[in-house]
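# Report on the structure
If you want the building blocks of each chain, they are given just below.
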Amino acid sequence: MANSTLKQLWYILSQNPISLFAMLLFGLFVLVALTGWMWIPYDPLASNTSIALQAPSAEHWFGTDHLGRDVFSRVVIATRLDLFIALSAVAISFVIGSALGCLAGYYGGWVDRIVGRLADTILAFPLFVLAMGIVAAMGNSLINVIYATALINIPFYIRVARAEVTIQRNLQYVQAALLCGNTHLRTLAFHVFPNCLPALMVQLSLNMGWAILNAAGLSFIGLGVRPPDAEWGIMVAEGANYIISGEWWLALFPGFTLMLAVFCFNLLGDALRDLVDPQKRT
Amino acid sequence: MWTQKLKLIGQRFALATPTLLGVIIIAFALTRALPGDPAVYFAGITADEESIQQIREELGLDKSLVIQFFVYCENLLKGDLGVSLSTGQKVSEELSSRFPASLELTLTGLFLALITSIPLGILAAMYPNSWVDHLCRVLVTAGASTPIFFSGLFFVFIFYYLLGWAPSPIGRLDFIYLPPPHVTGFYTIDSMIAGDTETFWASLKQIVLPAITLAVFALAPIARMTRSAMLTALGSEYVKAATANGLNSRTIIFVYALRNASLPLLTIMGLVFSYLLGANVLVEKVFSWPGIGSFAVDALVASDYAAVQGFILCMALLFVFLNLFIDILYTLVDPRVGIDG
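Residues numbered from 1 in each chain as written. Chains lettered and ligands numbered in written order. Predicted model: local features only at pLDDT ≥ 70, side-chain atom pairs only at ≥ 80, totals over all residues. Heavy atoms only, no water.

Turning our eyes to something else, we now look at the overall build of chain B. Along its length, chain B carries 13 helices and zero strands. Along its sequence from the N terminus, chain B presents helices and strands in the succession α-α-α-α-α-α-α-α-α-α-α-α-α. With the C-alpha coordinates aligned to their principal axes, the bounding extent of chain B is approximately 85 × 55 × 40 Å. Buried positions account for 46% of the 341 residues belonging to chain B. Looking at chain B alone, contacts between residues at least 24 apart form 73% of all its contacts between residues at least 6 apart. Accessible area for chain B stands at about 17000 Å²; split by element, carbon and sulfur atoms hold 67% of it. (Helix = DSSP H or I, 4+ residues; strand = E, 2+ residues; numbered from the N terminus. Buried < 20%, exposed > 50% of the residue type's maximum accessible area, 1.4 Å probe, protein only. Contact = heavy atoms within 4.5 Å. Areas by Shrake-Rupley, 256 points an atom, 1.4 Å probe, with all protein chains shown as cover.)

Now the structure itself:
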């Protein structure tokens, strides 16, 4: 089974060089996030106003910002924070959303109605605006940005998990598991849930890009990450004031990196969907 | 059949009521979830114990949560959203004076997105793997991956700084022009009504870049959905039957396929609006557009909670009504609705 999945993965990757590219790019991002602090050329927080606003050069690849900090080092070091925010937010919404969705799909009835109503109420808000409101109400901090991003993504996991479980629970292996003496909860957790994982994983990787975008959007308007910490969204915000006077490198490099990261996750999600469900290919 | 449809529309209204209630409850919960004591916030930094207590009574914070909720709903019905700390004006007035600016921008962006993405999606579905299809795919992928604040800044850099085609991103109108007399609140329309072509062009120039930024963003999901819905429709039995009966291709595409493809398209419009209203906040910030989004961002930075909460409630109510509108439209468009129901 595992071998054939790997084979199929390899087939898809070799058929679709863009997916292979996305895979490599993802590896690169992870590598940069893990090892970036070891090889960045300058201290990302050290300001030196005598070299402020220098254009990209051999010494400063991405130029320097308004405080003379090296933009390249800051973009590299921000990778870890951005991926951390997105990963933890997506992990929280995956756990809560899929648990609620599984319960709703398996038990139906009032559990389903309450969970469904919860998802509908969250989706009744424009999601980014709701995230703004949550961070404003709970306090402007990084952890609240993560919670807010997690909360607005929960409904999507609920829907996917619920839809999958509703199909799976009528299959015969569920009856077999119950007849063997498994309790309902155990059957759900160890028999039904693993069979819903592929669909959930697709949702998860499609969600990563949107989580990064959302978190960067929040920090762009001044929520969450505080200066002088390096994060792509806040770096674009800091560079925004210099765009109209022509110092493009402050905002463009972090913005472009952010775009590349989101692009990479979206491509990966598409590739994963092709692997799991070739019919949904658009 | 029409009475059936009217009944269904009534049901949609009824279904929107619990959602509306949920939205109001969450908005209320957000106002009461402020870190620490809201009275201390609203009283300001220099307040002493006595004035804090006074504010607490004024805001009704000494009463139970249930009573507070009813007071909140009562104020809401009166259109009272509290007073903005940073401007000293009523939040409802601040929002309603800025609302036309946001609406003008959002509608222009949506309009641009619709007139480009739907033909693009149709062409991509008609000629799969042609250059139109590839263009569609590239635009969809790029639109879904680009942070909207970044694409906005990028456009400013290219079209204002490098090429000098666009005016500087300083809001709805350059300082040298006076806003046209208020009729609709849309500067482009108002200046036309006033017969002031110069102001019209000036305001049009200001809105082009932010509207395109929004359009590029909204284009992606619409084009993607149009393409896949049209592909499904064009591959269906009824299109084959229509082709076999010798109907011309224009009738097949626009009457048979597009009308059926418009249903999934309407379904996704809810999500598009959700994204668009959020993206609007970021675009307004980038282009210093004086709408409710940039008002909310400024209020956020200034810890002006009444203003932020008023904004969120406003957006949520707007979104609920937009969704209701889409639902009703869906009921009207779908010929199957009402026959078996």
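On to the confidence of the model for chain B. Residues and elements named next belong to chain B. When the pLDDT values of chain B are averaged, the result is 84; 94% of them are 70 or greater. In the model of chain B, helix α2 (residues 38-43) stands out as the element of lowest mean pLDDT, 68, in contrast to helix α5 (residues 91-126), which has the highest, 91. What the predictor reports for the complex is a pTM of 0.88 with an ipTM of 0.86. (pLDDT = per-residue confidence, 0-100.)

By the element assignment, Arg336 of chain B lies in the segment after α13 (305-333). Looking at Arg336 of chain B, the relative accessible area reads 54%, which means it is exposed.

This brings us to the packing of α5 of chain B against helix α9 (residues 197-234) of chain B. Residue and element names in this part refer to chain B. Contact geometry for α5 and α9: axes closest at 5 Å, N-to-C directions at 35 degrees. The two elements α5 and α9 cross, and the hand of that crossing is right-handed. Considered class by class, the residues forming the contact of α5 with α9 number 22 nonpolar, seven polar and two charged. (Axes fitted to C-alpha atoms, helices over the stretch in contact; angles between N-to-C directions. Left-handed = near helix turned anticlockwise from the far one by under 90°. Nonpolar A, V, L, I, M, F, W, Y, C, P; charged D, E, K, R; others polar.)

If you look at the biggest cluster of nonpolar residues, it comprises 145 residues, and the most contacted ones within it are Met132, Ile212, Leu218, Phe220 and Ile221 of chain A together with Phe149 and Phe311 of chain B. No fewer than three residues from each of domain 1 (12-77) and domain 2 (95-294) of chain B sit in this core. Leaving out residues up to four positions away in the same chain, Met132 of chain A has contacts with Leu218, Ile221 and Leu223 of chain A together with Val281, Ala296, Leu300, Phe311 and Ile312 of chain B. (Core = buried A, V, L, I, M, F, W, Y, C linked by side-chain atoms within 4.5 Å. Domains from an automatic or database assignment.)

Attention now moves to helix α3 (residues 71-107) of chain A. Think of an α-helix as 3.6 residues a turn; residues three or four steps apart then line up on the same face. All names here are of chain A. For α3, with 37 residues, the first-to-last C-alpha span of 53 Å sits near the 54 Å given by 1.5 Å per residue. Considering bend angle alone, the principal kink of α3 is centred on Ala78 and spans about 30 degrees. Note on α3: the residue one or two positions beyond its end, Gly108, has a positive phi of about 60 degrees. (Expected span 1.5 Å × (residues − 1). Bend = angle between axes of the 7 residues up to and from the residue.)

Attention now moves to the pattern of salt bridges. Residues and elements named next belong to chain A. Within this structure, the stated rule accounts for 12 salt bridges over all chains. Arg69 serves as the salt-bridge partner of Glu238, at 3.7 Å between the closest nitrogen and oxygen. With Glu238 in helix α9 (residues 232-243) and Arg69 in the loop between α2 (17-39) and α3, the pair connects residues that are 169 residues apart, well separated along the chain. Under the relative-accessibility criterion, Glu238 is labelled buried at 18%. A residue is classified by how much of its surface remains accessible, and Arg69, at 3% relative accessible area, is buried. (Salt bridge = Lys/Arg side-chain N within 4 Å of Asp/Glu carboxyl O.)

As a further point, take the environment of Ala194 of chain B. Mapped onto the secondary structure, Ala194 of chain B falls in the loop between α8 (187-193) and α9. As a C-alpha pair, Ala194 of chain B and Val156 of chain B span 38 residues in sequence and 30 Å in three-dimensional space.

Here the focus is the interface of chain B and chain A. Residue-level contacts link 47 residues of chain B with 46 residues of chain A. On inspection of chain B and its partner chain A, the count reaches one salt bridge. With a closest N to O distance of 3.8 Å, Asp270 of chain A and Arg224 of chain B form a salt bridge. Summed over the shared surface of chain B and chain A, the number is two residue pairs in polar contact (both at pLDDT 80 or more). If you list the elements that add at least two residues to the side of chain B that touches chain A, you get α1 (2-32), α6 (131-145), α7 (148-162), α9, α11 (249-286), α12 (292-301) and α13 of chain B. Per-element accounting of the side of chain B that touches chain A gives the leading share, nine residues, to α11 of chain B. Residues of the side of chain B that touches chain A, tallied by class, amount to 36 nonpolar, eight polar and three charged. (Polar contact = N/O pair within 3.5 Å; in protein donor to acceptor, adjacent residues only side chain to side chain.)

Next up on the list: unusual backbone geometry. In this model, Pro227 of chain A is joined to Pro228 of chain A through a cis peptide bond whose omega is 10 degrees. Turning to its location among the elements, Pro228 of chain A is positioned in the loop between α8 (184-220) and α9. The phi dihedral of Asn129 of chain B falls on the positive side, at around 65 degrees, and the residue is not glycine. With respect to the helices, strands and loops of the structure, Asn129 of chain B is situated in the loop between α5 and α6. Look at Asn129 of chain B and you get exposed, because its relative accessible area is 58%. Its identity as a non-glycine residue notwithstanding, Ser288 of chain B has a phi of 45 degrees, on the positive side.

Now for a nonpolar patch on the surface. Residue and element names in this part refer to chain B. Where nonpolar side chains cluster on the molecular surface, the patch consists of Tyr238, Leu247, Phe254, Val255 and Tyr256 and spans about 420 Å² of accessible area. Counting residues per element, the nonpolar patch draws most heavily on α11, at three residues. Among the structural elements, Tyr256 can be located in helix α11. Overall, the relative accessible area of 31% leaves Tyr256 in the partly exposed class. (Patch = residues over 30% accessible without salt bridge, like charges linked within 9 Å, V, L, I, M, F, W, Y side chains within 5 Å.)

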